[in-house]
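Chain by chain, the residues:
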Amino acid sequence: MESARRRTVLVVEDDPVINQALADRLDAEGYAVLRAWDGPGAVAAHAEHAPDLVLLDVMLPGYDGHEVCRRIQAERPVPVLMLTARADEADVLVGLGVGADDYLTKPFRMRELVARVAALLRRVDRAAELAGRRALELGDLRVDAPARRLWRGDDEVRLTPTEFDLLLCLAATPGAVVTREKLLAEVWGWDGATGTRTVDSHVKGLRAKVGADLVRTAHGVGYALEIGGDRP
């Protein structure tokens, strides 16, 4: 696992037993591991060491994982996998809204966590390739892929890294339905359908930002980017 040996993961978890278990497993997988146990420590470690990925518990002393995510993403965008004891959709959407890329609900299997970490890092690699694409104009949407910026009309729309990659995937075939499974493979690098709820949550966030009229749901199948319509 040579590529993983060059990657650094910051583990942020206030429970010392869980923190140690996560660090031990990631170390065994070949990752370099940094550790923090509270909100301020996490922000400081991110600023000092610039990890490749942050594994972030929601419930932390100092300030919670949502605030940590907001602060680190404002400083330097980084993939964030949030760990939460709650499967409530509103709680998940808060995390996605402040820049989290994915989430796992406790208790979870270590094998799944390692797979999610690897998939997020693969997405970062693919994002670097996407940055070479030219700017796109789709109806009143203007997408600058190299700069990773988006406008609808004259208004700039700020997306999280995952939302932007999701938009690019849908924009590759405007009007055509892209299945959840394909979105998982293209954006997250996952095979199978075990993460469809993750897709739905991110699409909900994307739709709220670009406009509900632009993202069509094909129930039971996937989503399509509709262009040419006016704002509602």
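Preceding block: the structure.
A brief look at the structure comes next.

Rules behind the numbers
- As a convention, each chain's residues are numbered from 1 in the sequence order in which they are written.
- The predicted nature of this model means local features are confined to residues of pLDDT at least 70 and side-chain atom pairs, given and counted, to a pLDDT of 80 or more, with totals for whole chains, interfaces and linings taken over all residues.
- For the side-chain quantities, the full set of heavy atoms in the structure was used; hydrogens and water were omitted.
- Strands are labelled as partners when DSSP assigns at least two bridges between them.
- Only DSSP runs of H or I reaching four residues or more are called helices, and only runs of E reaching two or more are called strands; each is numbered from the N terminus.
- For helices, the axis comes from a line fit to the C-alpha atoms of the stretch in contact; other axes are also lines fit to C-alpha atoms, and the angle between any two N-to-C directions lies between 0 and 180 degrees.
- Buried residues of nine kinds, namely Ala, Val, Leu, Ile, Met, Phe, Trp, Tyr and Cys, make up a nonpolar core once their side-chain atoms join them within 4.5 Å.
- Buried, partly exposed and exposed residues are distinguished by accessible area as a fraction of the type maximum, computed with a 1.4 Å probe on protein chains only: under 20%, between the cut-offs, and over 50%, respectively.
- In this analysis, two residues are considered to be in contact whenever any of their non-hydrogen atoms come within 4.5 Å of each other.
- A pair is scored as a salt bridge if a Lys or Arg side-chain nitrogen falls within 4 Å of a carboxyl oxygen belonging to Asp or Glu.

A separate point is the sheet that holds strand S4 (residues 80-84). With parallel pairing, 5 strands are arranged side by side in an open sheet as S2-S1-S3-S4-S5. The strands lining the two open edges of the sheet, one partner per strand, are strand S2 (32-36) and strand S5 (102-105). In this sheet, adjacent strand axes meet at a mean angle of 20 degrees when their direction is disregarded. Both strand S1 (residues 8-12) and S2 contribute to a ladder of 5 bridges, which runs parallel.

Ranked by size, the top nonpolar core spans 29 residues in total, and within it Leu150, Leu159, Leu183, Leu206, Val210 and Leu225 carry the most contacts. Residue assignment for this core shows that the elements contributing at least two residues are strand S7 (141-144), helix H7 (161-171), helix H8 (180-188), helix H9 (196-210) and strand S12 (222-225). Of the residues forming this core, the biggest block, 7 residues, is contributed by H7. Setting aside chain neighbours within four positions, we find Val210 in contact with Leu150, Arg152, Val157, Leu159 and Val215. Membership of the second largest hydrophobic core comes to 20 residues, among which are Val43, Val54, Val80 and Tyr103.

Take the pattern of salt bridges next. Taken as a whole, this structure holds 13 salt bridges when the rule is applied. The shortest N-O distance in the salt bridge between Arg216 and Glu226 comes to 2.4 Å. Here the residue Arg216 occupies a position in strand S11 (residues 215-218), and Glu226 occupies one in the segment after S12, the gap between them amounting to 10 residues. Overall, the relative accessible area of 35% leaves Arg216 in the partly exposed class. When its relative accessible area of 25% is taken as the criterion, Glu226 is described as partly exposed. Three or more residues joined by partner-sharing salt bridges are found here, namely Glu13, Asp57 and Lys106.

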